Amino acid sequence: DAGVIQSPRHEVTEMGQEVTLRCKPISGHDYLFWYRQTMMRGLELLIYFNNNVPIDDSGMPEDRFSAKMPNASFSTLKIQPSEPRDSAVYFCASSYLPGGSAGELFFGEGSRLTVL
Amino acid sequence: AQRVTQPEKLLSVFKGAPVELKCNYSYSGSPELFWYVQYSRQRLQLLLRHISRESIKGFTADLNKGETSFHLKKPFAQEEDSAMYYCALGRGSTLGRLYFGRGTQLTVWP
């Protein structure tokens, strides 16, 4: 398995443009997470899904952010319109939970977003 | 509410010196604690979990429920240990979700 796959790896865009980040979780994992990493705030959970259903989106900064998971093998995080303060590394992670307890998260390589 | 605190954003030690990365948590139930590591240009990955009670790359971490701590320790640091380290808390009631601290950047000087 190639692990969690994210695209694009790098994105540079101008303020006001729409940004779409993509994630393919590990096959068989039923949880998918979107995190944002910044120097100031560290790793912040934006939203997570269980069996393609959003469970907690309380970390989504504002209405400009949206996330979807149309099927078990694909998720998107969209920012529209983008702002310079959205510049960060966005990570996708997936997990499988044997026994119902918190399990290991498998992270993608991240998408580094720069909004000018 | 659950919270994970890593008091040091930056930590520097010399090669061969002992290193301790601090992590404190707040949670009223039975926590599951993890340490994740991110080496330069690599994915964030699990280093160790308290349930396993194992030593990985010479690192150990003991869950101290009385002090609500899960400090990461290594007796002799190596240059290749330089990385960002995140402490994370899992709760059985929120299946799958981990709460991360803000991370500690460890630099081991030669």
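Computed from a predicted model, the values in this text were never measured in an experiment.

## Notes on the packing of aromatic side chains
- Per the stated rule, a full pass over the model turns up 13 aromatic pairs over all chains.
- Arranged with centres 6.2 Å apart and planes meeting at 15°, the rings of A:Y31 and A:F33 form a pair that is stacked. In this structure, A:Y31 and A:F33 share a single accessibility class: buried.
- Arranged with centres 6.2 Å apart and planes meeting at 25°, the rings of A:Y31 and A:Y48 form a pair that is stacked. Of this pair, A:Y31 sits in strand β4 (residues 31-38) while A:Y48 sits in strand β5 (residues 42-50); the two residues are 17 residues apart in sequence, bridging distant segments of the chain. A:Y48 matches A:Y31 in its accessibility class, with the two residues each being buried.
- In this structure an aromatic cluster arises from ring pairing among A:Y31, A:F33, A:Y35, A:Y48, A:F91, A:F107, B:F34, B:Y36, B:Y86 and B:F100.

## Here's the deal with the sheet that holds strand β8 (residues 74-79) of chain A
All names here are of chain A.
- Strand order in the open sheet formed by 4 strands is β1-β3-β8-β7, with antiparallel pairing between adjacent strands. The two strands at the open ends of the sheet, each matched to only one other strand, are β1 (5-7) and β7 (65-71). Put simply, the sheet's adjacent strands are angled 15° from each other on average, direction ignored.
- Two strands pair when backbone bridges link them, and β1 and strand β3 (residues 19-24) are joined in this way by 3 bridges, in the antiparallel orientation. Residue pairing in the sheet places S7 in a bridge with R22 of β3.

## Some remarks on the pairing of strand β5 (residues 32-38) of chain B
All names here are of chain B.
- Most of β5 is tucked away: 7 of the 7 residues are buried.
- Side chains E32, F34, Y36 and Q38 project from β5 onto one buried face, and the interleaved L33, W35 and V37 project onto a second face that is buried too.
- Here β5 pairs with strand β9 (residues 83-90) via 7 bridges, running antiparallel. Residue L33 lies in a different strand from β9, and its bridge partner there is L89.
- Bridging between β5 and strand β6 (residues 45-49) involves 4 bridges; their strand directions are antiparallel. Paired with F34 across the strands is R49, a residue of β6.
- Counted between consecutive antiparallel strands, the loop separating β5 from β6 contains 6 residues, among which R41 sits at a positive phi close to 65°.

## Description of the nonpolar core
Residues and elements named next belong to chain B.
- Ranked by internal contacts, the top residues of the largest apolar core, which has 25 residues, are W35, L72 and Y85.
- In terms of residues, this core owes the most to one element, β9, which gives 4 residues.
- In this structure Y85 touches Q6, L21, W35, Y36, V37, Y39, L47, F59, L72, G103, T104 and L106, once residues within four positions along its chain are discounted.

## Focus on the side chain of A:D86
Residue and element names in this part refer to chain A.
- Here D86 is to be found in the loop between β8 and β9 (88-95).
- A distance of 2.8 Å separates a polar atom in the side chain of D86 from the backbone nitrogen of E83.
- Those residues in contact with D86 that lie beyond four places of it in its chain are R36, R64, F65, I79, P81, L113 and V115.

## Topic: the pattern of salt bridges
All names here are of chain A.
- Throughout the structure, instances matching the rule amount to 14 salt bridges over all chains.
- Among the ionic pairs, E18 bridges to K78, the shortest N-O distance being 3.9 Å. With E18 in the loop between β2 (10-13) and β3 and K78 in strand β8, this residue pair connects regions lying 60 residues apart in the sequence.
- Residue E18 is classed as partly exposed on the basis of its relative accessible area of 44%.
- Since its relative accessible area comes to 30%, K78 is described here as partly exposed.
- E83 is the partner of R85 in a salt bridge, and the nearest nitrogen-oxygen pair spans 2.6 Å.
- Because the salt bridges share partners, they merge into one network encompassing E62, R64, E83, R85 and D86.

The rules we used
- Residues numbered from 1 in each chain as written.
- Chains lettered and ligands numbered in written order.
- Predicted model: local features only at pLDDT ≥ 70, side-chain atom pairs only at ≥ 80, totals over all residues.
- Heavy atoms only, no water.
- Phe/Tyr/Trp six-rings, centres within 6.5 Å; stacked < 30°, edge-to-face > 60°.
- Buried < 20%, exposed > 50% of the residue type's maximum accessible area, 1.4 Å probe, protein only.
- Helix = DSSP H or I, 4+ residues; strand = E, 2+ residues; numbered from the N terminus.
- Pairing = 2+ DSSP bridges.
- Axes fitted to C-alpha atoms, helices over the stretch in contact; angles between N-to-C directions.
- Core = buried A, V, L, I, M, F, W, Y, C linked by side-chain atoms within 4.5 Å.
- Contact = heavy atoms within 4.5 Å.
- Polar contact = N/O pair within 3.5 Å; in protein donor to acceptor, adjacent residues only side chain to side chain.
- Salt bridge = Lys/Arg side-chain N within 4 Å of Asp/Glu carboxyl O.

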